[in-house]
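# Tertiary structure, described
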Amino acid sequence: MNKTTYNKNLVVIIASVAALGGLLFGFDTGVISGAIPFFQQDFQLSNSMVENITTMGLVGAVIGAMFTGRLSDIFGRKKTIIAASIIFVIGALWSGWSKGPEELMFARLFIGLAIGISSFSVPLYIAEVSPTKIRGSLVSLFQLLITIGILVSYLSDLAFANDSNVESWRPMFYMGVIPGIILFTGMLFLPETPRWLMSKGREEESLKILKRIEEPSLVNESIQRMKDEITKDKNKPNIGEIFKPWLRTALIIAVGIMFFQQFVGINTVIYYSPKIFMIAGFEGARAGIWGAVSVGIVNVTFTILSLFLIDKLGRRKLYFIGTGGIVFSLILLGLVFAFLPQLGDTGKWLAIIFVWVYIAFFAISLGPLGWLIISEVFPLKVRGLGSSIGSLSNWLFNALVAFTFFKIVKWLTIPGSSIITHEKLYDPSLHKFTEQAVNNGNPAGAFWFYAALGILGLIWGYFYLPETKGVPLEKIEEHWRKGKKPRELK
Ligand code: BGC
């Protein structure tokens, strides 16, 4: 195979380097959970101040996703990811260095920007450099690295957690510097995407890259389609275009898939699983953290499986199998919590098993599909902007679910079924951790609520989820132009 022919290994390397943005996304969202008990004690913070610091990361992600979509259309995908990697490195150093809670808040806001930027620009970059046939698997590498990032953050938190050193939180944050530097260095060597180059009229460079990454039989077709697309879009305004009727379906798909990805409650498990396992009956914070690590391992394992399935079974099949499984496990999880006293010791084991089943179904479906679909459904001219709207919705819904979870648990607790746990909590007035009885309500109702939303998701998916497997990106645009239904895409 000479240098100018399609080279699958090269594409896999390119996609893997860019996907490191996912590792940082996962690491920097996960790292805070292990750091909290230490900086809370170090700075003597109330729970609400801790919540503010945690929230700031999400606020940063929303801002990052909101304002940089257009920038990636203007300056290119590669430069956008490089900018994000620089923010990741500075943000990790700044977080670890922070002298007080206010400074830490700003540092988390800052690193949140990078999480928001990378969450749409990385999948977009990968989708645009991938050969059509394996685009799904390659974009799913991004999700795989998110899950690895979450797991690594749990493990590194465990490694640095030292009860006799209140400053243990600092090295936890510093760890994020390493993947940041690798992403930065790696991206310097990667090409810009052929699609973005073409949109800037740099046809020769675009063709040169496309020849190395796309199957030879599809190169000419792709180039022709890109050209047609650009001619059609030439005289149209940029930003307004995305809200035009012919792109409404693409917008509904991007926002909708992110709505269901978040509203089946994934992050109640990712952020709060130690707490959920304690409510189920596992005693002590350490047992809770090991429970979280087990969730992380199941998540990574099944995301690997999804890489093999996504371009074989296709998006729609995986969506229905996965969402169906999520609904099923949420219903069972709810039953376990509702009947916890009757189930005795078995209850807590059933709880952890159904959480694993739930995560496994998420990992093969809504997890990778969310990020993949938003990178596929928009036409070239507004692809950056479009996928940033998808990503922005993801962060908004994520924040909404995270902040309402414990409230929904309280509202939907069946009277008389509240679960009381005894936990070591920080008491700012005494400046130390004390054992306190906590009334947790009962999460059964909340899990059924997310199951109900999952059922809505199945109906929505029937009408709106397009089968993009094996379909060149340019053909997807044509489909919307003809005003056809998502279900009819093939
Ligand atoms: C979601 C995150 C979630 C992660 C879990 C991602 O696709 O967007 O919110 O924490 O999957 O693996």
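Here the structure is shown first, and the text comes after it.
Residues numbered from 1 in each chain as written. Predicted model: local features only at pLDDT ≥ 70, side-chain atom pairs only at ≥ 80, totals over all residues. Heavy atoms only, no water.

### Examining the environment of Gly 441
Counted only if it meets this: The numbering of helices and of strands both runs from the N terminus, where a helix is a DSSP run of H or I of at least 4 residues and a strand a run of E of at least 2. Working definition: with a 1.4 Å probe on protein chains only, accessible area under 20% of the residue-type maximum means buried, over 50% means exposed, and in between means partly exposed. Here a residue-residue contact requires only that any non-hydrogen atoms of the pair lie within 4.5 Å.
Within the fold, Gly 441 resides in the loop between β2 (432–439) and α19 (444–464). Accessibility expressed as a relative area gives 4% for Gly 441, which makes it buried. For Gly 441 and Ala 280, which are 161 residues apart along the polypeptide, the C-alpha to C-alpha distance reads 12 Å. In contact with Gly 441, not counting residues within four places along its chain, are Val 409, Thr 413, Ser 417, Ser 418 and Ile 419.

### Thoughts on the nonpolar core
Test applied: Buried residues of nine kinds, namely Ala, Val, Leu, Ile, Met, Phe, Trp, Tyr and Cys, make up a nonpolar core once their side-chain atoms join them within 4.5 Å.
Formed by 136 residues in total, the largest nonpolar core has its most connected members in Tyr 125, Ile 126, Ile 257, Phe 337, Ile 359 and Trp 395. Leave out the neighbours within four places in its chain, and Ile 359 touches Ile 266, Val 269, Ile 270, Val 295, Val 298 and Asn 299. Core analysis: the second largest hydrophobic core is formed by 17 residues, Ala 35, Met 49, Leu 104 and Met 105 among them.

### Considerations on the packing of aromatic side chains
For clarity, the threshold we go by: Aromatic pairs are defined between Phe, Tyr and Trp rings, using the six-membered ring for Trp, whenever the two ring centres lie within 6.5 Å; interplanar angles under 30 degrees are classed as stacked, those over 60 as edge-to-face, and all others as tilted. In our convention, an over-ring charge means Lys NZ or Arg CZ found within 6 Å of a ring centre and within 35 degrees of that ring's normal.
Scanning the model with the defined rule gives 27 aromatic pairs in all. Relative to Phe 142, the ring of Phe 25 has its centre 6.0 Å away and its plane inclined at 75 degrees; by these criteria the two rings are edge-to-face. With Phe 25 in helix α1 (residues 8–43) and Phe 142 in helix α5 (residues 135–160), this residue pair connects regions lying 117 residues apart in the sequence. Here Phe 25 matches Phe 142 in class, with each residue buried. An aromatic cluster is built from Phe 259, Phe 260, Phe 263, Tyr 319, Phe 320, Phe 397, Trp 460 and Tyr 464, whose rings are joined through pairwise contacts. The lysine or arginine in question, Lys 348, covers the ring of Phe 282, its NZ or CZ lying 5.1 Å from the ring centre. One cation-aromatic arrangement involves Arg 481 over Trp 246; the distance from NZ or CZ to the ring centre is 4.2 Å.

### Examining the environment of Gly 149
Looking at the element boundaries, Gly 149 is found in helix α5. The sequence separation of Gly 149 and Val 300 amounts to 151 residues, and the corresponding C-alpha distance is 9.4 Å. Setting aside chain neighbours within four positions, we find Gly 149 in contact with Leu 23, Gly 26 and Phe 27.

### Here's the deal with the side chain of Ser 98
How we decide: For this analysis, a polar contact is any N or O atom pair within 3.5 Å, provided that within protein one partner can donate a hydrogen and the other can accept it, and provided that sequence-adjacent residues contribute only side-chain to side-chain pairs.
With respect to the element layout, Ser 98 can be found in the loop between α3 (77–97) and α4 (101–129). Within polar-contact distance, the side chain of Ser 98 engages the backbone oxygen of Ser 95 at 3.4 Å.

### Some points on the pattern of salt bridges
Put simply, the test is: For salt bridges, the criterion is a side-chain nitrogen of Lys or Arg within 4 Å of an Asp or Glu carboxyl oxygen.
Scanning all chains against the criterion turns up 13 salt bridges. As a salt-bridge pair, Asp 73 and Arg 70 come within 3.4 Å of each other at their nearest N and O atoms. Placement of the pair is Asp 73 and Arg 70 together in helix α2 (residues 47–75), with a separation of three residues, close to one helical turn. Taking relative accessible area as the criterion, Asp 73 reaches 7% and is therefore assigned buried. Measuring nitrogen to oxygen at the nearest pair gives 2.9 Å for the salt bridge that ties Arg 135 to Glu 376. Here the residue Arg 135 occupies a position in helix α5, and Glu 376 occupies one in helix α17 (residues 366–376), the gap between them amounting to 241 residues. Each member of the pair, Arg 135 as well as Glu 376, is classed as buried. A single salt-bridge network, built from bridges that share partners, covers Arg 70, Asp 73, Arg 77, Glu 128 and Arg 383.

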